[in-house]
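Coordinate analysis (summary)
Residues per chain are reported as follows:
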Amino acid sequence: MKIALLGYGKMGQVIERIALERGHEIVLKKDENNTYEGLSDADVAIDFSIPTAAVNNISNCFNAHVPVISGTTGWLEHFDEMVALCAEKNGAFISSSNFSLGVNIFFELNEYLAKMMSKLDSYSVEMEEIHHTQKLDAPSGTAISLAKGIIENSNFTNWTLDNPKGTEIHIETKRIGTVPGTHTVTYNSAVDAIEIKHTAHNREGFALGAVIAAEWIIGKHGVFTMKDVLNLK
């Protein structure tokens with residue numbers, strides 16, 4: 001499989017190593033100074049760039065009829081536009097806030113717990129996410145996905161970085177050193193607390209999941225999620 005890497009920072013470099021270990025070929029390594037030369041030769045593109053580059057990267061993939069896996073966060077106000085372009089070009093697309101296999105299991109656990117806790121009005125819920133100091137967006141895309149998972153399966157209606165009111169979920173964000181990513185969901189009552197937590201030890205899990213998604217999407221058309229890739233639906 002020939003892969004175009006759109007974004008060649010630390011994540012892109014880990015993805016490259018894992019892809020090569022799995023027998024794939026890298027035909028493009030694009031940072032902000034490179035052109036898209038080589039994109040049309042790719043079987044699939046993996047985008048781990050920056051929020052301001054994501055839409056352009058994804059659009060170029062669809063226009064070149066190259067399936068795209070996007071792990072960039074902070075650009076999702078344009079998500080519907082990219083879904084429409086994918087349909088127009090009969091493309092294939094997976095966008096995820098987190099490609100880690102463990103995190104996607106964590107998403108499922110979070111939703112299941114939210115359904116159970118929705119029957120108990122004595123509990124409030126709060127979240128904490130910790131990432132490295134170079135992460136540009138806050139809260140993380142993963143934290144937003146976790147919050148949405150709770151909202152869709154409970155009586156909570158929104159999330160906030162400020163003091164929560166009523167049915168809001170408070171998300172605390174921290175940027176510390178080189179932390180790859182830690183996410184905690186806590187349900188608190190007057191008598192006890194229930195906590196679920198995912199801790200990434202390094203970037204390898206994110207990179208491996210992205211490569212697995214790239215392998216899976218070959219030959220498909222449409223917009224998919226990691227639930228499709230992992231057969232969690």
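None of the values given here were measured: they were computed from a predicted structure.

Rules of the game
- Residues numbered from 1 in each chain as written.
- Predicted model: local features only at pLDDT ≥ 70, side-chain atom pairs only at ≥ 80, totals over all residues.
- Heavy atoms only, no water.
- Helix = DSSP H or I, 4+ residues; strand = E, 2+ residues; numbered from the N terminus.
- Rg over C-alpha atoms; globule rule 2.2 N^0.38 Å.
- Buried < 20%, exposed > 50% of the residue type's maximum accessible area, 1.4 Å probe, protein only.
- Areas by Shrake-Rupley, 256 points an atom, 1.4 Å probe, with all protein chains shown as cover.
- Pairing = 2+ DSSP bridges.
- Axes fitted to C-alpha atoms, helices over the stretch in contact; angles between N-to-C directions.
- Contact = heavy atoms within 4.5 Å.

The next thing to look at is the overall build of the protein. Each helix and strand counted, the protein has 7 helices and 11 strands in total. Taken over the C-alpha trace, the protein has a radius of gyration of 18 Å; the compact-globule value for 233 residues is 17 Å, and the two agree within 12%. Across its three principal axes, the protein shows a C-alpha extent of roughly 60 × 40 × 30 Å. Counting across all 233 residues of the protein, residues that qualify as buried make up 45%. Total accessible area on the protein stands at roughly 11500 Å², and carbon and sulfur atoms take up 50% of it.

Taken in spatial order, the 6 strands line up as 2-1-3-4-5-11 in an open sheet, and their pairing is parallel. Sheet topology places strand 2 (25-30) and strand 11 (222-224) at the edges, where each strand pairs with a single neighbour. Here the average twist between neighbouring strands, direction ignored, is 20 degrees. Sheet analysis places strand 1 (residues 2-6) next to strand 2, joined by 5 bridges and oriented parallel. By the bridge assignment for strand 2, Lys2 is matched with Glu25. Across the face of the sheet, helix 3 (residues 79-88) comes into contact with strand 5 (92-95) and strand 11 while running at roughly 160 degrees to strand 5.

The 5 strands are arranged 7-8-6-9-10 in an open sheet whose pairing can be described as mixed. In the strand order of this sheet, the two ends are held by strand 7 (158-160) and strand 10 (193-199), each with one partner. Strand-to-strand twist across the sheet, computed as the mean angle between neighbouring axes with direction ignored, equals 20 degrees. Where strand 6 (residues 124-131) lies against strand 8 (residues 168-175), 6 bridges are found, and the strand directions are parallel. From the neighbouring strand, His131 faces strand 8, where its bridge partner is Arg175. Sitting on the sheet, helix 4 (residues 101-117) is in contact with strand 9 (182-188) and strand 10, with an inclination near 165 degrees to strand 10.

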